[in-house]
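Below are the chains, spelled out letter by letter.
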Amino acid sequence: MASTSGASLSIQDVLESKRDGQPLSPAQLRWLVEGVAAGTVTRPQAAAFLAFVYLRGMTDDETVALTLAMRDSGQVLSWQVDGLVVDKHSTGGVGDKVSLVLAPLWAELGAYVPMISGRGLGHTGGTLDKLESIPGFRTDLSVDRLRSALSDVGCFMNGQTAQLAPADRVLYALRNETSTVPSVPLITASILSKKLAEGLDELSLDVKWGSGAFMKTLPDAQRLADSLVRVGNGAGVRTRARLTDMNVPLGRAIGNALEVQEAVACLRGQGPEDLAALTCQLIGRDAAEVARARALLDSGAAFERWCRMVRAHGGDPDATLLGGGCAERVLLATKAGRVTRCDAYDLGRAAFVLGAGRRSAGQAIHPGVGLVLHVKPGDAVQAGQPLVTLWHVQTGLDRALELIQHGLQVG
Ligand code: URA
């Protein structure tokens, strides 16, 4: 389609304004996003818009308007509950199973957590893939069932429905095709439009930086965090962010069922320190709230809430996790020393090549494969001591061993 015109808007005017570095009005952005969702703005026109935003940037007011328009391109959920509606979003990392612990813990603290999550892509894991290693667990509940889960249990963890922020799906796919993914305003609007469609009062963001993160450097992560916080608040949701280091995997387990096991241990008060600490820091607005969350986590009380949430999704919290039957292999230290390198990217790639992750959307994964680290940076090790245990099938074992050798070093 050569031209798309509303009452007084034309795609040429909108594109030329952005091309020439002039800010777009909320009305222009809403009209453009509606056209993207409806298909009346063509793919080349939408691609040009993305490229101009990538090159020219956006003001915060524009990014707020883009976010709200993308949120409103689909269903915006609302809840009749008597309490704060909250959620967390992480920009993704290796061994990041915080969501699994955080949702039931925050619900146990009295909040309502309507968590919409995604699948893993590349070396970073996805919450839905982890949950689906629980027999029977459905991540595609209807909105009516989500409503019941939220009021009865206080939390749910579901996949994105086709009705939620559909404009983001179109724009995200185009960004991939046009190399315009790494644009702070486009990332901000993409993340927040989906989270804001959950009908939240408050949003806590975990913006990761480092080898295993989407943002490799601290300044880039800081820029994204600042933008997310300004735009989230500008769009009417109380938003805060933490910057966290993703040069080293979080916790010790990497791989879907293995991460569920570690999250369950954490919910029983027996999780690794870094996972427990980060989960509570993301929940608490101040030191007192963090300490309260930590005391509850350490008590194991949130485990029962987890079991109720799993049942609300059709899962069996007592069942053996899927993906059994993997072969086990323990790698031992060949010399004494200290762990000098435990690289999130290499170790995430190792789990990925074993089959824990997917190269492209829709590809099958293996729930049981992955690795568990027995050491973390700075730990003293003796020759012959176990460094890491791998759970594997035939796929990718040699490459995984190479990646672990590079990623985990004793010096
Ligand atoms: N996650 C999203 O949902 N969107 C982005 O643009 C980047 C990460």
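For every chain, the first residue of its written sequence is number 1, and the numbers climb from 1 along that sequence. Only residues with pLDDT of at least 70 are given local features in this predicted model, and only at 80 or more are side-chain atom pairs given and counted; all residues enter the totals for whole chains, interfaces and linings. Side-chain metrics rest on all non-hydrogen atoms present in the structure, leaving aside hydrogens and water.

**Q** Looking at this structure, I do not really get the overall build of the protein chain. What am I missing?
**A** Helix and strand content of the protein chain: 16 helices and twelve strands. For the protein chain, whose C-alpha radius of gyration is 22 Å, the value lies close to the compact-globule estimate of 22 Å for 411 residues. The C-alpha extent of the protein chain, read off along each of the three principal axes, is 75 × 45 × 40 Å. With 411 residues in all, the protein chain has 54% of them scored as buried. The contact criterion used is simple: two residues touch if any of their non-hydrogen atoms lie within 4.5 Å. Once local pairs closer than 6 in sequence are excluded, the contacts in the protein chain between residues at least 24 apart make up 77%. A residue counts as positive if it is Lys or Arg and as negative if it is Asp or Glu; His and the chain ends are not included. In this description, the location of a charge corresponds to atom NZ of lysine, CZ of arginine, CG of aspartate or CD of glutamate. In the protein chain, which carries 41 positive and 42 negative side-chain charges, the distance between the mean positions of the two groups comes to 3 Å. Put simply, DSSP H or I for four residues or longer makes a helix, DSSP E for two residues or longer makes a strand, and each gets a number counted from the N terminus. Between the two quantities, the radius of gyration covers C-alpha atoms and the globule rule is 2.2 Å times the number of residues to the power 0.38. For every residue, the accessible area (1.4 Å probe, protein chains only) is compared with the maximum for its type, and the residue is labelled buried under 20%, exposed over 50%, or partly exposed between those bounds.

**Q** What exactly am I supposed to notice about the packing of helix α4 (residues 60–71) against helix α9 (residues 184–196) here?
**A** If you want to describe how two helices pack, look at the angle between their axes and the distance between the axes. Axis definition: a line fitted to C-alpha atoms, limited for helices to the stretch in contact. Angles are taken between N-to-C directions and run from 0 to 180 degrees. Where α4 contacts α9, the axes come no closer than 8 Å and their chain directions differ by 40 degrees. It follows from the interaxial angle that α4 and α9 lie oblique. α9 is crossed by α4, and the crossing has right-handed handedness. From α4, T63, L66, T67, L68, M70 and R71 reach across to α9, where they touch P185, L186, T188, A189, S190, L192, S193 and L196. When residues are sorted by character, Ala, Val, Leu, Ile, Met, Phe, Trp, Tyr, Cys and Pro go into the nonpolar class, Asp, Glu, Lys and Arg into the charged class, and all the rest, Gly among them, into the polar class. Of the residues assigned to the contact of α4 with α9, the class counts are eight nonpolar, five polar and one charged. Throughout, the term roughly parallel applies to angles under 35 degrees, roughly antiparallel to angles over 145, roughly perpendicular to angles from 65 to 115, and oblique to all others. Left-handed describes a crossing whose near helix is turned anticlockwise from the far helix by less than a right angle; the clockwise case is right-handed.

**Q** How should I be thinking about the sheet that holds strand β4 (residues 202–209) in this particular structure?
**A** Whether parallel or antiparallel, the strands of a sheet pair through hydrogen bonds between backbone atoms. Two strands pair if DSSP finds at least two bridges between them. An order of β1-β4-β5 is seen for the three strands of this open sheet, with the pairing classed as parallel. Since the sheet does not close on itself, it has two edges, and those belong to β1 (86–90) and β5 (238–245), each with one partner. If you compare each strand with its neighbour and ignore which way they point, the axes differ by 15 degrees on average. Packing of helix α5 (residues 98–108) onto the sheet brings it into contact with β1, β4 and β5, and relative to β1 it is tilted by some 170 degrees.

**Q** I keep staring at helix α12 (residues 273–283) and nothing clicks. Help me out?
**A** Since the α-helix advances by 3.6 residues per turn, residues separated by three or four positions end up pointing in the same direction. Within α12, eight of the eleven residues are buried, which leaves it mostly tucked inside the rest of the structure. Those residues of α12 not exposed but buried are L275, A276, A277, L278, T279, C280, L282 and I283. Elements in contact with the buried residues of α12: β1, α5, β4, β5, α11 (256–267) and α13 (287–299).

**Q** Any chance you could explain the site of the ligand here in plain terms?
**A** Around the ligand, the structure places Y172, R175, I187, S190, I191, K194 and F214. Separating an oxygen atom of the ligand from a side-chain N or O atom of R175 is a distance of 2.8 Å. Between S190 and the ligand, the recorded distance is 2.7 Å, taken from a side-chain N or O atom to a nitrogen atom. Relative to its free-state accessible area of 240 Å², the ligand is covered by the protein chains to the extent of 83%. Lining residues are those with an atom within 4 Å of a point, where the points come from a 1 Å grid over the protein atoms alone and group into cavities, where a 1.4 Å probe fits but cannot get out, or pockets, open sets with protein on both sides within 12 Å along at least five of seven lines. To decide whether a molecule occupies a pocket or cavity, check its atoms: if more than half lie within 2 Å of the grid points, it is inside. Cavity membership is defined here by more than half of the atoms lying within 2 Å of grid points; on that basis the ligand lies in the largest pocket. Looking at the shell around the ligand, the elements with two or more residues in it are α8 (166–178) and α9. With four residues, α9 is the single largest residue contributor to the shell around the ligand. Here the residues of the shell around the ligand are counted per class, giving four nonpolar, one polar and two charged. A molecule or strand has a residue near it when one of that residue's heavy atoms lies within 4 Å. Polar contact criterion, stated in full: a pair of N or O atoms within 3.5 Å, where within protein one must be able to donate a hydrogen and the other to accept it, and residues adjacent in sequence count only if both atoms are side-chain atoms. Only the protein chains shown count as covering a residue, and every accessible area follows the Shrake-Rupley method with a 1.4 Å probe.

**Q** Can you walk me through the pattern of salt bridges in this structure?
**A** Pairs can form between side chains of opposite charge whenever their charged atoms are close. We define a salt bridge as a contact between a side-chain nitrogen of Lys or Arg and a carboxyl oxygen of Asp or Glu at a distance within 4 Å. Under the defined criterion, the tally for this structure stands at 28 salt bridges. One salt bridge in this structure joins E262 and K97, with 2.5 Å as the shortest N-O distance. Separated by 165 residues along the polypeptide, E262 in helix α11 and K97 in the loop between β1 and α5 bring together distant segments of the chain. No difference in accessibility class separates E262 from K97, as the two residues are buried. Because the salt bridges share partners, they merge into one network encompassing E202, R238, R240, R285 and E289.

**Q** Honestly, helix α2 (residues 26–38) in this entry has me stumped. Any pointers?
**A** Compared with the 18 Å implied by 1.5 Å per residue over 13 residues, the 18 Å span of α2 between its first and last C-alpha is a close match. Those residues of α2 that fall on the buried side of the exposure criterion are Q28, L29, W31, L32, V33, G35 and V36. Check the buried side of α2 and you find it contacts α1 (11–19), α3 (43–56), α4 and α8. G39 occupies a position one or two residues after α2 and carries a positive phi of about 85 degrees. To estimate the expected span of a helix, subtract one from its residue number and multiply by 1.5 Å.

**Q** Just to check I follow, could you spell out the layout of surface pockets for this structure?
**A** Over the atoms a probe the size of a water molecule is rolled, and this reveals where empty space is left. Grid points are joined across faces, edges and corners, and a volume is the space filled by probe spheres set on the points. Considering only enclosed or pocket space, the largest pocket measures out at about 1600 Å³ in volume. G118, R119, L121, Y172 and K194 are, among the 48 residues lining the largest pocket, the residues nearest its centre. Per-element accounting of the lining of the largest pocket gives the leading share, six residues, to α8. Here the lining of the largest pocket is composed, by residue class, of 15 nonpolar, 21 polar and twelve charged. Domain extents, as shown, originate in an automatic or database domain assignment. Each of domain 2 (86–312) and domain 3 (327–410) gives at least three residues to the lining of the largest pocket.

**Q** Honestly, the domain arrangement of the protein chain in this entry has me stumped. Any pointers?
**A** How big an interface is tends to be stated in terms of the accessible area lost upon association of its parts. If you check the domain split of the protein chain, you get domain 1 (6–57), domain 2 (86–312) and domain 3 (327–410). Using only C-alpha atoms to locate each centre, domain 1 and domain 3 end up separated by 46 Å.

**Q** What's the story with the sheet that holds strand β12 (residues 408–410) in this structure? I'm lost.
**A** Across the sheet, which stays open at both edges, the three strands sit in the order β10-β8-β12 with antiparallel pairing between neighbours. Among the strands making up the open sheet, the edge pair consists of β10 (380–381) and β12. As judged from the three bridges shared by strand β8 (residues 337–342) and β12, these two strands associate in the antiparallel manner. Paired with V339 across the two strands is V410, which belongs to β12.

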